[in-house]
There are 2 protein chains.
Amino acid sequence: MARISASKKSRLPITDVPDAADAALRELAQTRVVIENVSHEIDGGRFPAKAVVGEDCVIEADIFSDGHDVINAAIEWRCRGDEMWHTAPMRFVDNDRWAGTVRFERLGSHEFTIIAWRDLFATWLRDTEKKINAGQDVSLETIEGDHLVEAAAEQAAGSEHEPALQAIVKSLNSVSETTHKLTILLAPETRRCMRKAGPRTNLSRCMRTLEIWVEPQIAGFGAWYELMPRSQSGDMSRHGTFDDVIARLPYVKNLGFDVLYFPPIHPIGRTNRKGPNNSLTAGPNDPGSPYAIGSEDGGHDAIHPELGTFEDFHRLVEAARAEGILIALDFAIQCSPDHPWIKEHPEWFDWRPDGTIKFAENPPKKYEDIVNVHFYREAIPGLWYALRDIVLFWIGHGVTIFRVDNPHTKPFPFWEWMIREVKTQHPEVVFLSEAFTRPKVMKRLAKVGFTQSYTYYTWRNTKQELTEYLTELTTEECRYYMRPNFFVNTPDINPYFLQTSGRPGFRTRLVLAATLSGSYGIYNGYEICEAAPVPGKEEYLDSEKYQLRVWDMDQQGNIQDDIRLVNRLRREQPAMKAFTSLRFYNAWNDQVLYYAKNDKASGDFVLFHVLLDPQNSQEFDFEIPLWEFGLPDDASIEVQDLIHGNHFTWHGKSQRLNLDPNQRPYAIWRLIPPGAHR
Amino acid sequence: MARISASKKSRLPITDVPDAADAALRELAQTRVVIENVSHEIDGGRFPAKAVVGEDCVIEADIFSDGHDVINAAIEWRCRGDEMWHTAPMRFVDNDRWAGTVRFERLGSHEFTIIAWRDLFATWLRDTEKKINAGQDVSLETIEGDHLVEAAAEQAAGSEHEPALQAIVKSLNSVSETTHKLTILLAPETRRCMRKAGPRTNLSRCMRTLEIWVEPQIAGFGAWYELMPRSQSGDMSRHGTFDDVIARLPYVKNLGFDVLYFPPIHPIGRTNRKGPNNSLTAGPNDPGSPYAIGSEDGGHDAIHPELGTFEDFHRLVEAARAEGILIALDFAIQCSPDHPWIKEHPEWFDWRPDGTIKFAENPPKKYEDIVNVHFYREAIPGLWYALRDIVLFWIGHGVTIFRVDNPHTKPFPFWEWMIREVKTQHPEVVFLSEAFTRPKVMKRLAKVGFTQSYTYYTWRNTKQELTEYLTELTTEECRYYMRPNFFVNTPDINPYFLQTSGRPGFRTRLVLAATLSGSYGIYNGYEICEAAPVPGKEEYLDSEKYQLRVWDMDQQGNIQDDIRLVNRLRREQPAMKAFTSLRFYNAWNDQVLYYAKNDKASGDFVLFHVLLDPQNSQEFDFEIPLWEFGLPDDASIEVQDLIHGNHFTWHGKSQRLNLDPNQRPYAIWRLIPPGAHR
């Protein structure tokens with residue numbers, strides 16, 4: 001049996017303790033109160049979380065200590081670079097979870113940490129009151145309470161809390177009987193004062209200082225409209241211009257959109273230009289894909305000459321701004337074979353052994369109107385700076401929103417570096433990630449800095465699919481760093497569902513996108529239920545990607561009224577902005593999605609019924625969530641039909657409703673519980 | 001509109017780049033391949049994960065890169081302090097998840113990291129084969145492949161791989177036609193060689209080096225038996241001794257237990273000693289609670305004189321070891337008012353204003369036979385070292401397992417420091433946390449270093465409760481750091497279920513504990529279905545905690561046969577050791593829990609049916625998980641009844657079974673799929 005040198009008297013002389021062990025002990029001892037599982041800690045603090053300026057940001061953590069002492073906690077935060085820290089109190093939620101609310105008032109990088117401590121006076125209060133209630137003698141406890149207040153007063157010397165604490169000490173000293181002292185110790189003023197200024201015993205600090213990026217409101221909530229400027233002339237024989245787009249602004253404004261987004265507006269290459277419907281040969285007048293960027297007229301920092309000049313572009317940006325609309329540009333890094341960079345910077349491209357440039361490919365498919373840059377080898381750092389400067393260039397021309405094409409085929413480190421470089425100078429800028437790829441890849445792009453993300457929304461059609469996907473987006477960890485933007489269609493996605501659903505399906509998918517997600521978008525043609533496909537594909541026939549189009553958005557069967565309605569409600573109802581407040585409720589029909597959003601501050605509570613079946617009307621029972629207001633199942637509740645404006649009363653939890661795809665495949669209600677503001 | 005200095009030609013001269021930005025760029029660029037969500041990363045690397053020596057440890061991570069290149073990954077690991085790193089390959093699982101297996105052969109702290117890279121030759125192979133299959137010309141691709149091999153050979157100069165690569169280069173140079181070169185490039189030997197020795201482009205490394213503690217087998221898998229040495233004399237009038245315990249060892253061995261655990265064996269205080277059934281007054285012959293540690297005979301480093309001497313204790317430890325049984329001691333930090341430390345170290349205790357010591361309390365309840373130490377103020381570091389040295393002292397006396405009493409009422413930093421101090425010297429030591437408290441507190445204790453944890457098992461009785469709890473323990477993150485020890489009862493817990501269940505309930509709860517958890521335990525009396533309660537309480541009547549008892553473990557109705565059976569199967573069936581392999585299957589009856597464990601290496605697959613209802617027999621349908629072996633629903637499968645040993649065949653997925661609480665409330669089967677070893 002191995003024996004160590006321990007004698008029967010086990011205590012080693014403390015002087016034998018190695019310094020390192022002693023230092024480890026004292027270091028560890030400083031975090032007696034545990035602070036873990038912080039809501040906004042992404043990958044152990046590797047990435048920042050996100051917040052929106054002027055909106056409540058609720059930060060949570062598991063906080064607890066050994067034993068049974070009362071603890072307390074607070075959030076300390078500041079804008080990066082500031083000297084002063086602000087403090088926000090935390091409150092106990094349940095199961096050792098605490099929460100605090102911070103409202104960030106400035107854009108940009110912020111940092112925060114959490115502190116927690118044992119509150120000895122609160123512990124004393126709790127225990128002493130229990131003993132008093134049990135009829136026990138508390139004279140010793142009274143002396144102990146007195147000592148706690150005296151110690152606090154001493155410690156507060158020179159601080160703002162000193163006068164109040166000294167006043168309590170003085171009044172304690174002015175009486176001698178236990179009951180009198182006890183009255184003072186238990187007084188509300190003493191509690192208040194000691195809670196604020198009492199000693200913070202075992203003050204512990206969250207292991208890491210964490211970062212939160214505060215972004216503009218449009219980062220979290222906006223309605224997007226996408227169009228191709230070249231198709232805005234109203235005349236198939238004339239290439240559209242920025243002035244044509246200016247003429248369309250009142251239309252976009254009238255529909256209620258916040259963002260107007262254009263696919264690339266740069267010069268388009270001639271070499272291997274694609275013709276209509278993605279054909280390999282283009283005629284002399286075919287405009288080509290705007291994603292084949294770069295010609296002798298310039299590259300990513302130039303404007304396609306037929307669209308207009310920089311001066312025209314400035315007028316467009318200003319005219320949009322005057323209507324309350326922000327312009328979003330596409331940031332698509334690939335080049336046409338005619339891009340100036342290919343000659344100026346051959347080191348940014350891949351070359352074949354025969355001296356030709358390597359085209360984009362997905363073997364055995366080839367994309368010969370496109371070449372990709374590569375980001376490593378001699379492209380570091382030159383290409384990275386050039387790309388950053390392209391973004392800064394367009395910011396200089398009034399653009400603050402960038403929809404980024406296929407970011408998942410470019411290195412994550414590039415995005416992380418570039419977005420931080422740009423946002424440090426311009427925290428108002430928004431980057432939307434157009435990555436339709438594997439879930440972890442999409443989340444990583446959000447982590448490295450993308451403000452918003454395209455999603456799987458266009459492929460989530462059933463009640464179960466939508467419920468599961470939205471539950472993931474609104475309740476899992478990704479809600480702290482990934483913000484969805486639900487596009488109902490795009491130039492690349494003509495969803496199979498809409499190809500056969502007819503007008504009811506377009507209305508359904510519009511309402512779902514606009515009410516489930518903070519940001520959503522439509523690509524023009526959606527309002528007239530355009531769905532003609534390349535047969536068997538999710539592509540549009542005669543796609544604007546390869547040819548000019550002329551649109552009549554006012555034609556019969558358009559759904560402009562629905563668009564105006566949802567965009568108006570999005571502005572008017574605070575609940576619509578509360579993305580993570582989404583809750584699904586019971587409607588006893590698989591073809592009906594039934595959910596609510598609510599805004600805590602205003603009490604706004606909005607219910608949505610959306611019919612998923614575009615063919616058949618459905619009659620169904622559903623539950624009004626009376627329990628959310630603490631009401632019994634047989635209570636009555638006032639309700640406003642937000643579509644028609646009228647008020648009425650629902651009696652009891654169970655109700656019945658009919659939705660007809662040919663009448664209106666959705667209903668939207670505001671619940672007004674007793675005592676709420678009408 | 002704000003303009004930045006960017007000209008229409010957007011590229012800034014690189015020389016303007018600030019050094020810090022450039023450094024950030026180059027630092028970020030090094031991790032092109034993402035390695036995240038590492039299975040064994042606990043709280044961002046703040047805490048070590050746990051593994052068992054000699055057993056496969058499967059480490060997983062999400063690994064992916066931008067674009068579509070083939071990637072590869074490996075685990076690098078070593079024993080802390082070693083210079084050499086070992087490497088274990090990782091394999092793709094699905095959804096960007098990768099896994100690798102490490103078998104640690106030494107105890108103690110290990111470190112690991114994950115590396116990943118783009119494999120350009122594998123990418124070349126994949127793409128070139130696709131082009132060949134599509135009938136495309138690949139002459140340029142052949143030259144490119146040739147270049148990749150040449151570059152690899154150059155890079156391998158001087159390494160073990162050089163000869164093989166040079167041989168391939170030589171044979172490539174010896175032919176001139178594309179088809180011949182291609183044959184060599186596509187040959188299996190070339191693939192193998194390039195996979196091993198080809199360049200690791202964009203070699204990326206997991207952000208943190210992570211720690212894993214490798215612990216002895218008993219840390220993860222053991223059957224515990226608890227008894228009070230003082231009750232082992234077989235005579236109510238004589239205090240039991242260590243020699244009496246030695247006489248009981250053959251019994252414990254015969255039942256098949258691995259660990260024999262004693263509540264505290266130290267001198268017991270006299271002041272405010274508790275009498276039978278926790279009464280406040282003890283008679284002169286009442287032995288008191290062994291948890292009131294310390295008297296004039298000594299404290300935590302002394303033995304209660306009536307139990308014997310250190311020499312007796314050594315004989316007991318040796319005799320147990322000879323039977324293959326390890327002795328576990330209680331580590332209970334509280335003191336009786338007579339503990340020597342109170343005079344020697346008044347600074348380790350709390351004192352009242354009247355000069356008396358502060359007893360343990362939970363207001364308004366008082367526990368006047370106990371005083372607690374406090375761990376801060378002047379108790380740092382003296383008390384921490386003294387407590388560590390108590391543990392080292394008993395290790396010196398042959399004890400390697402410590403059951404720690406109420407660790408959640410002592411500071412987490414103390415445990416973290418103390419356990420690491422002890423295990424750095426003695427990595428074979430096991431600490432069992434006896435914390436019956438809130439879930440996050442229990443998990444934190446496991447994180448800070450406890451080897452095993454008591455659980456909520458005694459309060460999980462229904463099928464739903466057991467399924468949910470075991471699913472949490474075996475599938476959530478806690479499985480990497482928390483190991484349950486399912487005690488069926490303890491001196492403190494006489495479960496309500498067993499108070500009314502009779503013998504069938506005892507058999508059920510035994511089989512559940514022994515088969516669901518890696519470690520489990522019984523406190524003596526369980527084998528004779530002892531359940532007499534203090535009325536209305538979860539306490540035993542005439543508890544050994546306060547008085548001597550005499551036991552007849554062979555009395556009628558004992559369940560020794562069941563204990564021997566489950567402990568034998570635990571040794572014989574490798575599947576029983578695979579805690580996280582637990583899967584629940586469908587048995588169409590709420591009173592029947594139906595589950596399986598399996599061992600990948602041996603193919604051992606064991607099914608368990610356990611009847612939860614101790615009153616009524618149940619007949620039920622259940623599904624044989626044929627799909628786990630890739631078998632259709634109508635397949636036949638050989639099965640062995642592990643209770644009786646006989647073999648037979650089940651035909652088809654659906655089967656029917658009857659379990660009778662008065663016959664045998666459980667069944668245990670081994671599935672032997674076609675081709676498996678019988």
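Residues numbered from 1 in each chain as written. Chains lettered and ligands numbered in written order. Predicted model: local features only at pLDDT ≥ 70, side-chain atom pairs only at ≥ 80, totals over all residues. Heavy atoms only, no water.

Next up on the list: the overall build of chain A. Regarding its fold elements, chain A presents 16 helices and 27 strands. Each principal axis of the C-alpha atoms in chain A carries an extent, and together these give about 100 × 70 × 60 Å. Within chain A, buried positions represent 60% of all 678 residues. For chain A, restricting intrachain contacts to residue pairs at least 6 apart in sequence, the fraction spanning at least 24 positions comes to 74%. (Helix = DSSP H or I, 4+ residues; strand = E, 2+ residues; numbered from the N terminus. Buried < 20%, exposed > 50% of the residue type's maximum accessible area, 1.4 Å probe, protein only. Contact = heavy atoms within 4.5 Å.)

Within the UniProt annotation, "domain: Glycosyl hydrolase family 13 catalytic" (unreviewed entry) is assigned to residues 226-564 of chain A. Span residues 226-564 of chain A is 32% helix and 11% strand, its end C-alpha atoms 16 Å apart. (UniProt positions renumbered as here; feature names shortened; annotations may be inferred.)

Taken as a whole, this structure holds 105 salt bridges over all chains when the rule is applied. The shortest N-O distance in the salt bridge between Arg403(A) and Asp330(A) comes to 3.0 Å. Pair noted here: Arg403(A) is in strand S15 (residues 401-405) and Asp330(A) is in strand S12 (residues 326-331), with a separation of 73 residues, a long-range link. Since its relative accessible area comes to 2%, Arg403(A) is described here as buried. According to the relative accessible area criterion, Asp330(A) is buried, its value standing at 4%. With a closest N to O distance of 2.8 Å, Asp82(B) and Arg106(B) form a salt bridge. Residue Asp82(B) is found in the loop between strand S4 (71-79) and strand S5 (86-94), and its partner Arg106(B) is found in the loop between strand S6 (97-103) and strand S7 (108-118); the two are separated by 24 residues along the sequence. Owing to a relative accessible area of 44%, Arg106(B) belongs among the partly exposed residues under this scheme. By sharing partners, the salt bridges in this structure join Lys131(A), Glu141(A), Glu144(A), Arg352(B), Lys358(B) and Glu361(B) into a single network. (Salt bridge = Lys/Arg side-chain N within 4 Å of Asp/Glu carboxyl O.)

All right, on to the UniProt feature "binding site: alpha-maltose 1-phosphate" (unreviewed entry) in chain A then. All names here are of chain A. When the UniProt feature table is mapped onto this chain numbering, "binding site: alpha-maltose 1-phosphate" (unreviewed entry) sits at Lys274, Gln334, Asp369, Asn406, Lys545 and Tyr546. Mapping Gln334 onto the fold places it in the loop between S12 and helix H10 (340-344). Given a relative accessible area of 9%, Gln334 falls into the buried group. Here Gln334 is in contact with Tyr291, Ile293, His300, Ile370, Val371, Asn372, Asp405 and Lys410, once residues within four sequence places are set aside. Engagement of the side chain of Gln334 in a polar contact is seen with the backbone oxygen of Tyr291, the distance being 3.4 Å. Secondary-structure assignment places Asp369 in the loop between strand S14 (365-367) and helix H11 (382-396). (Polar contact = N/O pair within 3.5 Å; in protein donor to acceptor, adjacent residues only side chain to side chain.)

Looking now at the relation of the copies chain A and chain B. A rotation about some axis, followed by a shift along it, carries one copy of the chain onto the other. If you rotate chain A by 180 degrees and push it 0.0 Å along the axis, it lands on chain B with an RMSD of 0.0 Å. One copy is carried onto the other by what is essentially a two-fold rotation axis. Proximity to the rotation axis, assessed at the C-alpha, singles out Gly44(A) in chain A; its C-alpha lies 2.1 Å from the axis. Here 99% of the contact residues of chain A are again contact residues in chain B; the copies associate through an equivalent surface. (Least-squares fit on C-alpha atoms with pLDDT ≥ 70 in both.)

Further remarks concern the domain arrangement of chain A. Residue and element names in this part refer to chain A. Assigned domains within chain A: domain 1 (17-214), domain 2 (217-267 + 301-330 + 395-572) and domain 3 (579-672). Between domain 1 and domain 2, the C-alpha centre-to-centre distance is 47 Å. Between domain 1 and domain 2, the residue contacts involve 18 residues of the former and 19 residues of the latter. Of the roughly 1,600 Å² buried between domain 1 and domain 2 on both sides combined, carbon and sulfur atoms contribute 53%. Three residues stand out in domain 1 for area buried against domain 2, namely Phe47, Lys50 and Trp213, and they jointly supply 39% of the buried area on that side. (Domains from an automatic or database assignment. Buried area = accessible area lost by both parts, 1.4 Å probe.)

On to the interface of chain A and chain B. The interface is formed by 97 residues belonging to chain A together with 96 residues belonging to chain B. The residue Glu36(B) makes a salt bridge to Lys447(A) at a minimum N-O spacing of 3.0 Å. Across the chain A-chain B interface, the total number found is 26 residue pairs in polar contact (both at pLDDT 80 or more). Residue contributions to the side of chain A that touches chain B peak at eleven residues, all from H11(A). Class assignment of the residues belonging to the side of chain A that touches chain B gives a composition of 42 nonpolar, 19 polar and 36 charged. (Nonpolar A, V, L, I, M, F, W, Y, C, P; charged D, E, K, R; others polar.)

Per the stated rule, a full pass over the model turns up zero disulfides over all chains. Cys206(A) carries a free sulfur, and the closest cysteine sulfur to it, the one in Cys57(A), is 14 Å from it. (Disulfide = S-S within 2.5 Å.)

A cis geometry characterises the amide bond from Pro363(A) onward to Pro364(A), with omega recorded as 0 degrees. Residue placement: Pro364(A) occurs in the loop between strand S13 (360-362) and S14. Although it is not a glycine, Arg377(A) sits at a positive phi angle of roughly 50 degrees. Relative to the helices and strands, Arg377(A) resides in the loop between S14 and H11. Backbone geometry places Asn278(B), a non-glycine residue, at a positive phi of 65 degrees.

Bringing the sheet that holds strand S24 (residues 636-641) of chain B into the picture now. The pairing of strands in a sheet comes from backbone hydrogen bonds and takes either a parallel or an antiparallel form. Residue and element names in this part refer to chain B. Strand order in the open sheet formed by six strands is S20-S21-S22-S27-S24-S25, and the pairing between neighbours is antiparallel. Each end of this open sheet is capped by a strand with a single partner; those strands are strand S20 (583-584) and strand S25 (647-651). Pairing of strand S21 (residues 592-598) with strand S22 (residues 605-611) involves seven bridges; the strand directions are antiparallel. Pairing of Val592 across the sheet is with Leu611, part of S22. Of the strands in this sheet, S20, S21, S22 and strand S27 (666-672) are in contact with helix H15 (residues 496-516), which crosses S21 at around 25 degrees. (Pairing = 2+ DSSP bridges. Axes fitted to C-alpha atoms, helices over the stretch in contact; angles between N-to-C directions.)

Attention now moves to the sheet that holds strand S20 (residues 583-584) of chain A. Residue and element names in this part refer to chain A. Pairing is antiparallel across the open sheet formed by six strands, whose spatial order is S20-S21-S22-S27-S24-S25. The open sheet has two free edges, formed respectively by S20 and strand S25 (647-651), since each of these has just one partner strand. Two elements, strand S24 (residues 636-641) and S25, share five bridges in a ladder whose sense is antiparallel. Within S25, the position partnered with Ile637 by the bridge is Trp650. Each of S20, strand S21 (592-598), strand S22 (605-611) and strand S27 (666-672) is contacted by helix H15 (residues 496-516), which is oriented at about 25 degrees to S21, the strand it contacts most.

All names here are of chain A. The predicted model of chain A averages 95 in pLDDT, with 97% of residues at 70 or higher. Per-residue pLDDT stays below 50 along residues 1-15; that stretch engages in 38 contacts with residues further than four places along the chain or on separate chains. For this predicted complex, the interface confidence reaches an ipTM of 0.95, while the overall pTM sits at 0.95. (pLDDT = per-residue confidence, 0-100.)

Counting across every chain of the model gives 86 aromatic pairs over all chains. Consider the rings of Trp224(B) and Tyr261(B), whose centres lie 6.4 Å apart with planes at 65 degrees: the pair is edge-to-face. Of this pair, Trp224(B) sits in strand S10 (residues 222-226) while Tyr261(B) is found in strand S11 (residues 259-262), placing the two residues 37 residues apart along the sequence. Neither residue differs from the other here; Trp224(B) and Tyr261(B) are each classed as buried. Both rings, one in Trp341(B) and one in Trp348(B), keep their centres 5.2 Å apart while their planes meet at 85 degrees; by these two values the pair is edge-to-face. Each member of the pair Trp341(B) and Trp348(B) is classed as buried. Taken together through their ring pairs, the aromatic side chains of Phe331(A), Phe375(A), Tyr376(A), Trp384(A), Tyr385(A), Phe402(A), Phe414(A), Trp415(A), Trp417(A), Phe431(A) and Phe450(A) make up a single cluster. The positively charged end of Arg549(A) is found above the aromatic ring belonging to Trp551(A), 4.6 Å away from the centroid. (Phe/Tyr/Trp six-rings, centres within 6.5 Å; stacked < 30°, edge-to-face > 60°. Lys NZ or Arg CZ within 6 Å of the ring centre and 35° of its normal.)

All names here are of chain A. In the contact formed by helix H8 (residues 242-255) and helix H16 (residues 560-572), the axes pass within 8 Å of each other and the chain directions differ by 60 degrees. With respect to each other, H8 and H16 are oriented oblique. Contacts between H8 and H16 involve Tyr251, Asn254 and Leu255 on the former and, on the latter, Gln560, Ile563, Arg564 and Asn567. (Parallel < 35°, antiparallel > 145°, perpendicular 65-115°, else oblique.)

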